[in-house]
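Structural features, examined
Take a look at the letters that make up each chain.
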Amino acid sequence: MNILEVKNLSFSYSGQTVLKSINLKIGAGDYIALLGPNGSGKTTLIKILLGLLSAQKGKINLFDTPLSKFNIWQNIGYLEQRASTPRNMPLTAFDVVRLGLISTKKGLKIFDKADNKKTETIMKKLRCFNYKDKLFAELSGGQQQRVLLARTLINEPKFLILDEPSTALDSSSREEFFEIISALNKENGTTILLVTHDISQVGKYVNKFLVLDKQIIFYGSKAEFCDSKEVTDYFGPYTQHLIDHLHTEGTCPLPHVHLHNHEGEIV
Amino acid sequence: MSFAEFLSYGFVQRALISGVLVALITAMLGVFLVLKRLSLIGDGLSHVALSGVAVGLLLNVTPIFCALPIVMASSLGIYKISKNKKIYTDSALGIVSSVGIALGLIVAALAGGFNTDLMGFLFGNILTVSTAETILSVVIFLIVIACLYVFYNSLIATVFDENFAKTAGIDVEKVNILLVLLSAVVVVLAVKTVGIMLVSALIIIPPTSALQIAKKFRSVLIYACAFSVCATVGGVYLSFIFNLPPSALIIVLNLIILSVCALIKYGKTRRIN
């Protein structure tokens, strides 16, 4: 079964092409790093995949179901770089995490004791239970992101879509964050699509790379990424040492190295 | 005049029943609108209500019934315009608000100029609420309460994070449309209580007061309702004592409550720091 299938997707905004002829298949258990410079259409692609934006052209299937008919939303976990939540929203961290269960609820969508227990468990697992009664708006950026991750993971989604999720985290929390995500991929077979600029941090975890710059520049396994002429052409020869290390060790020894394309933009 | 004597009048009873129900639903809806930064929708829609009321007076139809469909259609218009993001929401509200007043003035001029009825709708007159309007208040109150109960968690999720709500399978479009339509209905009802010029205060001030001191969503709703009801009952009573307009007193009392809540919050913040 394909987790995601995109056929001939195009999107333009105010006459400008943002995405062009995107074809993509993501299978169960894949862990994909989505790379691309600013303005390359990464977030737009993700929003279209989730139905938050409508593409002018193309077809999307989620879990072999057309997006317009897809309704098993508890299978999807989505975490944004920074959610735009109201500054004075009177919701505690616990309330926010529990809201994640709303996709499993029918009718009046009322939460029960089992939901509270589930919320407690995931918050303890992600080490955010000690500030469960604090207002979400009063938490630090890192704490908020941890709470939102707990909300994303509470349903144990089969497909995680993470849009630069670690930006608000400090370096140790970032490492812990990627360890948690990777464990989900390894132990539960969770499929992950991760938008990132930090290839060095995720290089050791992912098994595929998707490079986007309005169209797909490269999509394939880590080994193919390292041997790909398209990748070398796009990134330029000066990142060859990084790719060599990825090829031989499956990871990158350089801390927080960013890839740059020919125009010097961070990818 | 004692409070018991005050309550013995039939028109006071109608005013209080209608006023309390309007206070409750404006406060509850106001919480969602304030958090969604849509609180000025009350202002825009109440100005549109002026056109509806003027048309009603011109055609000799009960003004509220005439205003209702016009305000509801406008609320959908505001939502659609702001959703397309071609025009900012505050700009859309400003445009609808001014056009509402302009059309109201034109219709009033066609009807032979302003009359006391129209002035009553501009500044409200809770003491002239009829039995039919009281019954309408009860019906609209029940509809609003039922909708808020059914969509409570969906509304919270949508107000908190619309993208999350959509990816949680919530029909955000439906929830947003429900919110603006309920606002339209409540605004029309509240026009009689506090008047076109003061309706938005009833939507904005009690929730803002509650947000100063309450930490839980449910507490915010309860505090907002309590503040709004106290200000309404107090305003109507004081209008009898001091022979002043009840709508103005309701708003002034709401403002006093907001000031007290803001002071409490300031005191708490200082203690923490």
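Residues and elements named next belong to chain A. Among the structural elements, Leu148 can be located in helix 4 (residues 141-153). Since 26 C-beta atoms lie within 10 Å of it, Leu148 is described here as buried. Measuring from C-alpha to C-alpha, the distance between Leu148 and Tyr78 comes to 9.4 Å, with 70 residues separating the pair along the chain. Apart from residues lying up to four places away in sequence, Leu148 is in contact with Leu79 and Ala83.

Counting 158 residues, the largest nonpolar core has Ile32 and Ala150 of chain A together with Ala49, Val71, Val187, Val188 and Ala224 of chain B as its most contacted members. Per-element tally for this core: the top contributor is helix 2 (residues 10-35) of chain B, with 13 residues. Composition of this core by domain shows at least three residues from each of domain 1 (27-39 + 158-267) and domain 2 (79-157) of chain A. Residue contacts for Ile32 of chain A: discarding those within four places in its chain leaves Ile26, Ile192, Leu193, Leu194, Val206, Lys208 and Leu210 of chain A. In this structure, Ala15, Leu16, Ile126 and Val236 of chain B belong to the second largest nonpolar core, which totals 5 residues.

All names here are of chain A. Each domain of chain A was delimited in the assignment, giving domain 1 (27-39 + 158-267) and domain 2 (79-157). Counting residues at the interface gives 15 residues for domain 1, matched by 11 residues for domain 2. Within the residue set of the side of domain 1 that touches domain 2, elements represented by two or more residues are strand 7 (159-163) and helix 5 (171-188). In terms of residues, the side of domain 1 that touches domain 2 owes the most to one element, strand 7, which gives 4 residues. Its residues placed into classes, the side of domain 1 that touches domain 2 shows 7 nonpolar, 4 polar and 4 charged.

Helical periodicity: at 3.6 residues per turn, an α-helix aligns residues three or four positions apart in one direction. Residue and element names in this part refer to chain A. For helix 5, spanning 18 residues, the distance from its first C-alpha to its last is 25 Å, which sits close to the expected 26 Å at 1.5 Å a residue. All buried positions along helix 5 are accounted for by Phe177, Phe178 and Ile181. Projected onto a plane normal to the axis of helix 5, the buried residues spread over an arc of 90° and lie on a single side. Turned more than 90 degrees away from the buried face of helix 5, the exposed residues are Ser172, Glu179, Ala183, Lys186 and Glu187. For helix 5, the elements touching its buried residues are strand 8 (191-195) and helix 6 (199-202).

What counts as what
Residues numbered from 1 in each chain as written. Chains lettered and ligands numbered in written order. Predicted model: local features only at pLDDT ≥ 70, side-chain atom pairs only at ≥ 80, totals over all residues. Helix = DSSP H or I, 4+ residues; strand = E, 2+ residues; numbered from the N terminus. Buried ≥ 20, exposed ≤ 12 C-beta atoms within 10 Å, placed from the backbone. Contact = placed C-beta atoms within 7 Å. Core = buried A, V, L, I, M, F, W, Y, C linked by C-beta atoms within 7 Å. Domains from an automatic or database assignment. Nonpolar A, V, L, I, M, F, W, Y, C, P; charged D, E, K, R; others polar. Expected span 1.5 Å × (residues − 1). Arc of directions from axis to C-beta.

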